[in-house]
Amino acid sequence: GEKVEQHESTLSVREGDSAVINCTYTDTASSYFPWYKQEAGKSLHFVIDIRSNVDRKQSQRLIVLLDKKAKRFSLHITATQPEDSAIYFCAASRNRIFFGDGTQLVVKP
Amino acid sequence: EAAVTQSPRNKVAVTGGKVTLSCNQTNNHNNMYWYRQDTGHGLRLIHYSYGAGSTEKGDIPDGYKASRPSQENFSLILELATPSQTSVYFCASGDGGGDSDYTFGSGTRLLVI
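Residues numbered from 1 in each chain as written. Chains lettered and ligands numbered in written order. Predicted model: local features only at pLDDT ≥ 70, side-chain atom pairs only at ≥ 80, totals over all residues. Heavy atoms only, no water.

> Would you mind showing me how to read the nonpolar core here?
One broad trend across soluble globular proteins is that nonpolar side chains are buried collectively. Membership of the largest hydrophobic core comes to 24 residues, with the highest contact counts inside it found for Trp-35, Phe-73, Leu-75 and Leu-105 of chain A. Mapped onto this core, the elements with two or more residues apiece are β2 (10-14), β3 (19-25), β4 (32-38), β5 (44-51), β7 (62-67), β8 (72-77), β9 (86-93) and β11 (103-108) of chain A. When residues no more than four places from it in sequence are discounted, the contact partners of Leu-75 of chain A are Ala-19, Val-20, Ile-21, Trp-35, Ile-48, Leu-62, Ile-63, Val-64 and Tyr-88 of chain A. Counting residues in hydrophobic clusters, the runner-up holds 18 residues, among them Ala-13, Ile-46, Ala-66 and Leu-110 of chain B. (Core = buried A, V, L, I, M, F, W, Y, C linked by side-chain atoms within 4.5 Å. Buried < 20%, exposed > 50% of the residue type's maximum accessible area, 1.4 Å probe, protein only. Helix = DSSP H or I, 4+ residues; strand = E, 2+ residues; numbered from the N terminus. Contact = heavy atoms within 4.5 Å.)

> Would you mind showing me how to read the interface of chain B and chain A here?
One frequently used descriptor of interface size is the decrease in accessible area upon assembly of the parts. Listed by partner, the interface residues are 19 residues for chain B and 16 residues for chain A. For the pairing of chain B and chain A, the buried interface totals around 1,500 Å² over both sides, and the portion due to carbon and sulfur atoms is 51%. Summed over the shared surface of chain B and chain A, the number is one salt bridge. Here Asp-59 of chain B ties to Arg-96 of chain A by a salt bridge, and the two come within 3.0 Å at their closest N and O atoms. Linking chain B to chain A there are seven residue pairs in polar contact (both at pLDDT 80 or more). For the side of chain B that touches chain A, the secondary-structure elements that each account for two or more residues are β4 (31-38), β5 (42-49) and β10 (102-104) of chain B. Among the elements that make up the side of chain B that touches chain A, the one with the highest residue count is β5 of chain B (four residues). Partitioned by chemical class, the residues of the side of chain B that touches chain A number seven nonpolar, nine polar and three charged. (Buried area = accessible area lost by both parts, 1.4 Å probe. Salt bridge = Lys/Arg side-chain N within 4 Å of Asp/Glu carboxyl O. Polar contact = N/O pair within 3.5 Å; in protein donor to acceptor, adjacent residues only side chain to side chain. Nonpolar A, V, L, I, M, F, W, Y, C, P; charged D, E, K, R; others polar.)

> What's the story with the state of the cysteines in this structure? I'm lost.
In a disulfide, the sulfur atoms of two cysteines are held together by a covalent bond. Residues and elements named next belong to chain A. Applying the stated rule across the entire model yields two disulfides over all chains. The partner cysteine of Cys-23 in its disulfide is Cys-90, sulfur to sulfur 2.0 Å. Between Cys-23 and Cys-90 the disulfide shows an S-S torsion of about -105°. By sign, it is left-handed. Linking Cys-23 in strand β3 with Cys-90 in strand β9, this pair joins segments that are 67 residues apart in sequence. Of the two residues, Cys-23 and Cys-90, neither departs from the other in class, the shared state being buried. (Disulfide = S-S within 2.5 Å.)

> Would you mind showing me how to read the environment of Arg-109 of chain B here?
All names here are of chain B. Take Arg-109: it is sitting in strand β11 (residues 108-112). A relative accessible area of 48% places Arg-109 in the partly exposed class. The contacts of Arg-109, once residues within four sequence positions are left out, are Arg-9, Asn-10, Lys-11, Ser-87 and Val-88.

Shown next as structure tokens:
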């Protein structure tokens with residue numbers, strides 16, 4: 001089955017800087033790539049997604065890039081704020097969603 | 001507002017006892033999922049369902065059963081709880097088809113002593 005790898009287990013940035021979380025996947029048939037955010041002690045909630053028919057999507061300060069040839073996708077958070085601190089999960093889906101292990105993002109004031 | 005509700009929020013169980021975790025969704029989603037989350041392992045899929053009466057094994061089904069008596073409800077059952085099943089359990093619902101996101105419940109923290 002699909003395997004999703006998140007390359008950064010932890011990431012620390014200064015407030016106002018950009019953060020980039022990188023993921024790879026194995027199944028070339030995967031066509032949907034959602035991202036989830038989990039704040040400390042809370043559940044996961046959806047933040048942004050991208051489908052395989054595009055290679056870039058932006059929602060406010062979040063940008064997702066998809067490179068299908070390399071089977072790689074990434075989440076860029078611009079102008080980071082302390083409230084961006086959380087665990088971020090990338091995921092890839094063909095028939096069901098497969099999750100990466102998560103990246104702990106810390107935004108330092 | 002559509003939602004996924006889990007109960008209980010916290011549970012302490014004794015080794016060898018039976019534990020039932022409940023999940024209710026008002027999203028009218030066909031698919032429902034049970035995950036456990038442990039430090040260092042991310043989210044691991046235990047069981048899932050395509051609709052009422054259907055249950056499927058996920059990636060780590062051993063020691064767990066599931067029940068989907070209706071579109072709205074999906075339960076996870078630990079017949080003989082063990083300390084290794086101490087974890088945080090999340091239920092989720094989704095439209096299915098592989099191209100839509102999941103809605104997660106707030107989680108159940110289970111401690112097996």
